[in-house]
Amino acid sequence: MKKLSVIGALVLLVLLLAKCQKAAQFPADKYDERLSGGDATVFDITSHSFGNMFPGLSGYDAEVHGLGDAAFSKIFVTAPAPINPGLGTIFNNNSCISCHHNDGIGLPTAGESNSSLLMRISIPGTDEHGGPLAAPGYDLQLQDKAVFGKTPECKVNITYNDVTYNFPDGEAYALRTPTYTLSNLYTALSAGYMLSPRLAPPMYGLGLLEAIPESTIVAMADPNDANGDGIKGHANYVWDVATQSRKLGRFGWKANTASILTQVAAAYNQDIGITNKIFPVENSFGQAQYDGLKDDPELADSTLNAVRFYAATLAVPARRDVTDATNKRGELLFKQGKCESCHRQTLTTGVNVAFKPLSNQVIHPYTDMLVHDMGPGLADNRPDFLAGGQEWRTAPLWGLGLFEKVNYPGYYLHDGRARSITEAIMWHGGEAESSKVFFSTLSKVDRDAMLSFLKSL
């Protein structure tokens, strides 16, 4: 009996050691730097790498994702019509995919069929919920297209002034400063109006960002710079129309939208002119362009929910070449330059018992979801709830290195002024000024290493 007990103890010890070894291996897999979206990561480096659904969705969920995908690509036409009616009467584009090309970024142009830049507008002051104050006759967004027989609100004109600079080692780079003016106004605008250009952002990974606990995001804020590092990020709290409550802003260039549902519903209403249960009033209501039809809401709830689910379940492309020596050197420099103070590499989503693919995922989005002062160079001087005129949400960097392939030639920042990652870095100011200076004073070899790292994301 004693011999059997010893053998049994040895067997138990072996089993425990095997279990511990397996447990030790799990975090290594779970924290694999390639898995930018955790389990929602896809190994696709083609021009369609932003358009994949989460791996392993159930048959039902995959079907809903597919329905949302189809709706995302639908082109709307003027009402009444048997298929896809309700466009406009004033709008920015006639489909979701027309702005979010290949589920990625768009073109920083306005007024054309493939344009992806829209213009927010407001006047000084705040509304009853602390948000931007609508410009009389124009609401909060300019629609620069109209259906036949109607008049667009305006024409948005964009000009650029290019200036060439040099790094200390002599390498040249150029920055282009955009100027935005309005013409062909359908009616007079109030004096002192404020404009803010917004480029259509990538669609992938939104569900994961929505699943990050509010407590995690708020814990990263340091509005009074208590640690003295010069970084003062803070959360933007906004009025959420869908829930009729004040919530944490997560989406949009100024984190001015609380949820994917509200983001999708607002885009249908403002960008395409399609009413829905969240925004049941035409964007032209009260204007001469209003159609007067009693067909609202125009979008079926099932379609709205399918597109929301589609946006929430677009997978994140895997990071590439993580063991490459140059990329590892670039990552070290990225951290030394304090870039990671805002572009946080690793976050974990909350527990979601209703939808396992979003639950407890270790992800590498390179964002803190907070808004930061980026200096006067990038300022739009238009407050948006708690985000000031020089403040922008930290843009996630996952997938950054695929922009050129998916959306050639690739544009960066909130208005697409930057034509390369180098230009985007050199536009940083404010809280990121020291990081920009760090990058600019590196040797060319080290700058290239840092860029190589960023292109691996």
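The coordinates are above.
This text gives an overview of the structure that appears in the document. (Residues numbered from 1 in each chain as written. Predicted model: local features only at pLDDT ≥ 70, side-chain atom pairs only at ≥ 80, totals over all residues. Heavy atoms only, no water.)

1. Quick look at the overall build of the protein
Then, number 1: From N to C terminus, the protein includes eleven helices and 16 strands.
Then, number 2: Its C-alpha atoms give the protein principal-axis dimensions of about 95 × 55 × 40 Å.
Then, number 3: Of the contacts formed within the protein by residues at least 6 apart in sequence, a portion of 65% connects residues at least 24 apart.
Then, number 4: With an accessible surface of roughly 20,300 Å², the protein has 59% of that area assigned to carbon and sulfur atoms.
Then, number 5: Averaging the locations of the 38 positively and 47 negatively charged side chains of the protein gives two centres separated by 7 Å. (Helix = DSSP H or I, 4+ residues; strand = E, 2+ residues; numbered from the N terminus. Contact = heavy atoms within 4.5 Å. Areas by Shrake-Rupley, 256 points an atom, 1.4 Å probe, with all protein chains shown as cover. Lys, Arg positive; Asp, Glu negative; His and termini not counted. Charge placed at Lys NZ, Arg CZ, Asp CG, Glu CD.)

2. Some thoughts on the environment of R308
Then, number 1: Looking at where R308 falls in the secondary structure, it is placed in helix α6 (residues 301-312).
Then, number 2: Look at R308 and you get partly exposed, because its relative accessible area is 25%.
Then, number 3: Considering only alpha carbons, one finds R308 and H101, 207 residues apart in sequence, at a separation of 17 Å.
Then, number 4: In contact with R308, other than residues within four places in its own chain, are E210, I260, L261 and V264. (Buried < 20%, exposed > 50% of the residue type's maximum accessible area, 1.4 Å probe, protein only.)

3. What to know about the environment of V437
Then, number 1: Its location among the elements puts V437 in helix α10 (residues 433-440).
Then, number 2: Each C-alpha atom, one on V437 and one on G337, is 8.7 Å from the other, the two residues being 100 residues apart in sequence.

4. Quick notes on the pairing of strand β3 (residues 117-126)
Then, number 1: When you tally the buried positions in β3, you get seven out of ten residues, the bulk of the element.
Then, number 2: Here six bridges tie β3 to strand β9 (residues 194-199), and the two strands are oriented antiparallel to one another. The partner of L117 across the bridge, within β9, is L199.
Then, number 3: Strand direction decides the pairing type here: β3 and strand β5 (residues 141-142), joined by two bridges, are antiparallel. Bridging from a neighbouring strand, M119 pairs with L142 of β5.
Then, number 4: Relative to strand β4 (residues 132-133), β3 runs antiparallel, the two being bridged by two bridges. From the neighbouring strand, T126 faces β4, where its bridge partner is P132. (Pairing = 2+ DSSP bridges.)

5. Observations regarding the side chain of Q361
Then, number 1: Among the structural elements, Q361 can be located in the loop between β13 (347-348) and β14 (362-363).
Then, number 2: Overall, Q361 belongs to the buried group, its relative accessible area being 6%.
Then, number 3: In this view, Q361 contacts G37, G38, D39, A40, L208, L347, T348, T349 and K356; residues no more than four positions away in its chain are not counted.

6. Side note on the nonpolar core
Then, number 1: Judged by nonpolar contacts, the single largest core of 101 residues is most densely connected at F54, L142, L208, Y268, F334, F439 and L454.
Then, number 2: With seven residues, the single largest contributor to this core is α6.
Then, number 3: When sequence neighbours within four positions are dropped, the list of residues in contact with F54 reads A40, L208, A312, T313, L314, A315, F355, P357 and L358. (Core = buried A, V, L, I, M, F, W, Y, C linked by side-chain atoms within 4.5 Å.)

7. Focus: the pairing of strand β11 (residues 245-248)
Then, number 1: For strand β10 (residues 237-240) and β11, the ladder comprises four bridges, and the chain directions are antiparallel. Looking at the pairing, V238 lines up with K247 of β11.
Then, number 2: In textbook terms, the turn of a hairpin is the stretch between consecutive antiparallel strands, and for β10 and β11 this stretch comprises four residues, one of which, Q244, has a positive phi near 55°.

8. Notes on helix α5 (residues 260-272)
Then, number 1: The end-to-end C-alpha distance of α5 is 17 Å, a good match for the 18 Å that 13 residues give at a rise of 1.5 Å each.
Then, number 2: Every buried residue belonging to α5 is among I260, T262, V264, A265, Y268, N269, Q270, D271 and I272, and all of these are buried.
Then, number 3: Immediately beyond the C-terminal end of α5, within one or two residues, lies G273, with a positive phi of roughly 85°. (Expected span 1.5 Å × (residues − 1).)

9. Observations regarding the pattern of salt bridges
Then, number 1: Applying the stated criterion across every chain yields a total of 16 salt bridges.
Then, number 2: Here D32 ties to R34 by a salt bridge, and the two come within 2.6 Å at their closest N and O atoms.
Then, number 3: On the basis of relative accessibility, which here comes to 17%, the residue D32 falls in the buried class.
Then, number 4: Given a relative accessible area of 36%, R34 falls into the partly exposed group.
Then, number 5: Of the charged contacts in the structure, one is a salt bridge between D446 and R329, with a shortest N-O distance of 3.2 Å. (Salt bridge = Lys/Arg side-chain N within 4 Å of Asp/Glu carboxyl O.)

10. Here's the deal with the packing of aromatic side chains
Then, number 1: Inspection of the entire model under this criterion finds 14 aromatic pairs.
Then, number 2: When the centroid spacing of 4.4 Å and the interplanar angle of 35° are considered together, the rings of F50 and Y204 count as tilted. Pair noted here: F50 is in the loop between β1 (41-42) and α2 (59-73) and Y204 is in the loop between β9 and α3 (206-210), with a separation of 154 residues, a long-range link. A single burial state applies to F50 and to Y204, both of which are buried.
Then, number 3: Connected via pairs of aromatic rings, a cluster forms that spans F50, Y204, F403 and Y412.
Then, number 4: When the ring centre of Y160 is taken as reference, the NZ or CZ atom of R176 above it lies at 3.9 Å.
Then, number 5: Sitting over the face of the ring of W427, R417 holds its NZ or CZ atom 4.5 Å from the ring centroid. (Phe/Tyr/Trp six-rings, centres within 6.5 Å; stacked < 30°, edge-to-face > 60°. Lys NZ or Arg CZ within 6 Å of the ring centre and 35° of its normal.)

11. Here's the deal with the packing of α2 against α6
Then, number 1: The interhelical angle for the contact between α2 and α6, taken along N-to-C directions, is 105°, at an axis separation of 7 Å. It follows that α2 is roughly perpendicular to α6 by the angle criterion. Contacts between α2 and α6 involve D61, V64, H65, L67, G68, D69, A71 and F72 from the former and T303, A306, V307, F309 and Y310 from the latter.
Then, number 2: For the contact of α2 with α6, the class distribution of residues is eight nonpolar, three polar and two charged. (Axes fitted to C-alpha atoms, helices over the stretch in contact; angles between N-to-C directions. Parallel < 35°, antiparallel > 145°, perpendicular 65-115°, else oblique. Nonpolar A, V, L, I, M, F, W, Y, C, P; charged D, E, K, R; others polar.)

12. A word on the packing of α5 against α6
A packed helix pair is summarised by two numbers, namely the angle formed by the two axes and the spacing between the axes.
Then, number 1: Running from N to C, α5 and α6 cross one another at 120°; their axes reach a closest spacing of 9 Å. It follows that α5 is oblique to α6 by the angle criterion. At the point where α5 passes α6, the crossing takes the right-handed sense. From α5, I260, L261, V264, A265 and Y268 reach across to α6, where they touch T303, L304, N305, V307, R308, A311 and A312.
Then, number 2: Its residues placed into classes, the contact of α5 with α6 shows nine nonpolar, two polar and one charged. (Left-handed = near helix turned anticlockwise from the far one by under 90°.)

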